[in-house]
Amino acid sequence: MFELNSNTVIGMNNDSLLPEANYLQTELLKANAWTIAVDQHEIKAIIDLQLVQKNQLPGTYTLKIEPQKVTIQSSGSEGIFYGIVSLLQLIRAQPVASHVVLPACEITDAPRYQWRGFMLDESRHFFGKEKVEQLLDWMAFYKLNKFHWHLTDVDGWRIEIKKYPLLTAVGSIGNHSDTLAAAKYYTQDDIKEIVAYANDRFITVIPEIDMPGHATAANKAYPEFSGGSIYKYPNFTFDPANEKTYPFLADILKEVNVLFPAHMIHLGGDEVALGMQAWAGRPAITDMMAKNKFTDLTDLEHYFFRRMTDTVISMGDKILCWDEATETDLPAGKTIVFWWRQNVPSQLTLALQKNYQVVLCPRLPLYFDFVQDKSHISGRRWNGAFFNSVSDVYNFPDKVMPSDELQSNQVLGIQANIWTETIGSDKRLDFMIYPRLAALAEAAWTDAVKKDEASFNERLKINFALYDKAGIYYFNPFDTSFHPEAIDFMPRITKPAGKNRHHHHNRGTKTGHHHSEQHGHLKQGAAHHIKSKKRHKR
């Protein structure tokens, strides 16, 4: 048994590990009110952080707890950090006291996937810096390492661009449920702070600047770049025939590139067909298509996207896009496709055939805006019946995906996405994220042969006390009445029109619901306004 208390000293065998030592020191102060010293020279180390010369996958670590000492070893600082996280999971599972006793053990661990992601949509409803940093804390606790930040869309533009101030002065006004809501967005200083906060937790922040569709908020601010309107989708696209559109967007991407050192920018590229018909018949569009010998509007869409990806590549960044963009001729070594349409498996097959890297994020089961229990009424279901339970998330991808595709080295990993049409409060956001975030982490970290759902469920119950302490309003799948469903907007119930009613196929587009119609590393012992029109997105 090892006893940890305020007299414990953290040491390291390499000065580069000082940030990780300081992180552990800070977390123990926050959770246990211990003021633990850091000995940069390792002389008095009781918790010893050691870089070792080994050929390991990034994130691999060994945590060894002995009666007199705790040792965390890895070939890189990322692995040291995850060893620290596992130690913190063990500590936080114990009652807060002047000391904690941990059993002797040795854990050697490595992630299954290098992409373990979560996406937050803040265009539809905005949550702010404090909530994002809390989310990053929990992502770190669950060893998730990619934060995909959906910052621009129809309902609001949420990132300051200094060259084009109207994007926030005008484009950030309103949200999905209230088009007159006060302007809310992140300043560039906010962005820098959040990116640094994530970096300290080995989380890469990836911005999404959606184009050429989902551009309504930007076009509200700068209407001269609008591709036109059609019924239900006003000013939905940028104008591909306006040569000034391209430098306008390039300027935006250049500022974004400076703010996000990830060397990755997500360009969206999805659901352009929802607004593309506004291009048809416009003289400038007709002239451009004739000049370039395009046969249909899709050719023009691909032309637009290739030009913008050229801008991203010229800055040394990778292009990230939703699976519709697989049809575009993009450079294989520079492109990561996010496969979200589980009902269109051919897009995943095509992406792999074109040698794109792929992140798996299918609506079933990785859209967290879908309800998580059959009793819930607010949120989405696929075809009115299928939803995304904690168990479904935990068992992804092996019980869903073909084994040959999972074995492809082009599959980087998995990601859950949450679109916020039905989420306007912190309480409901928490209810939809937790505890599915823990299940996501297990799915992304743990190999199928090592999974044990019964063990996971027992460990998950222990985490509920941590959610309670953090003030998180979570869903309890073992007692569904524990926290009643958090509902921000009551769903509208409509009755069928009758037996002669025409039934249209809902392709599950993202516009109303962005892409809609949607491990053993959690250690044992370780929640007068105008309403906008509903759209169907991802």
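Residues numbered from 1 in each chain as written. Predicted model: local features only at pLDDT ≥ 70, side-chain atom pairs only at ≥ 80, totals over all residues. Heavy atoms only, no water.

## Focus on the sheet that holds strand β13 (residues 318-322)
Read around the barrel, eight strands follow the order β9-β10-β11-β12-β13-β14-β15-β16 and close on themselves; strand pairing throughout is parallel. Neighbour to neighbour, the strand axes of the sheet diverge by 30 degrees on average, direction disregarded. Direction of pairing for strand β9 (residues 115-121) relative to strand β16 (residues 411-418): parallel, over a ladder of six bridges. By the bridge assignment for β16, methionine 119 is matched with asparagine 417. With respect to the sheet, helix α3 (residues 129-141) is in contact with β9 and β10 (146-150), its orientation differing from that of β10 by roughly 155 degrees. (Pairing = 2+ DSSP bridges. Helix = DSSP H or I, 4+ residues; strand = E, 2+ residues; numbered from the N terminus. Axes fitted to C-alpha atoms, helices over the stretch in contact; angles between N-to-C directions. Contact = heavy atoms within 4.5 Å.)

## Focus: the packing of aromatic side chains
Each aromatic ring pair is summarised here by two numbers: the centre-to-centre distance and the angle between the ring planes. If you walk through the whole model with that rule in mind, you get 37 aromatic pairs. With a centroid separation of 6.0 Å and an interplanar angle of 35 degrees, the aromatic rings of tryptophan 138 and tyrosine 142 are classed as tilted. Just as tryptophan 138 is buried, tyrosine 142 falls in that class too. Taking the centre distance of 5.7 Å and the plane angle of 55 degrees together, the rings of phenylalanine 294 and tyrosine 303 count as tilted. (Phe/Tyr/Trp six-rings, centres within 6.5 Å; stacked < 30°, edge-to-face > 60°. Buried < 20%, exposed > 50% of the residue type's maximum accessible area, 1.4 Å probe, protein only.)

## With respect to the pattern of salt bridges
It is possible for side chains of opposite charge to pair when their charged atoms get near one another. Applying the stated criterion across every chain yields a total of 21 salt bridges. Between aspartate 323 and arginine 341 there is a salt bridge, and its shortest N-O distance comes to 2.6 Å. Within this pair, whereas aspartate 323 is found in the loop between β13 and β14 (335-339), its partner arginine 341 is found in the loop between β14 and α11 (345-353), the two being separated by 18 residues in sequence. Note on aspartate 323: relative accessible area 0%, which makes it buried. For the salt bridge of arginine 380 with aspartate 369, the shortest nitrogen-to-oxygen distance reads 2.3 Å. On the criterion of sequence distance, the pair formed by arginine 380 in the loop between α12 (363-366) and α13 (390-394) and aspartate 369 in the loop between α12 and α13 is long-range, its members being 11 residues apart. Among the residues examined, arginine 380 registers a relative accessible area of 4% and is labelled buried. Here aspartate 369 falls in the buried class, since its relative accessible area comes to 1%. Three or more residues joined by partner-sharing salt bridges are found here, namely Asp121, Arg124, Asp153, Asp155 and Glu421. (Salt bridge = Lys/Arg side-chain N within 4 Å of Asp/Glu carboxyl O.)

## Description of helix α5 (residues 188-199)
With 12 residues, α5 extends 16 Å from end C-alpha to end C-alpha; this agrees with the ideal 16 Å at 1.5 Å per step. If you follow the buried residues of α5, they end up packed against α3, β10, β11 (204-211) and α7 (245-259). (Expected span 1.5 Å × (residues − 1).)

Interpretation note: all reported values are geometric properties and have no functional meaning in isolation.
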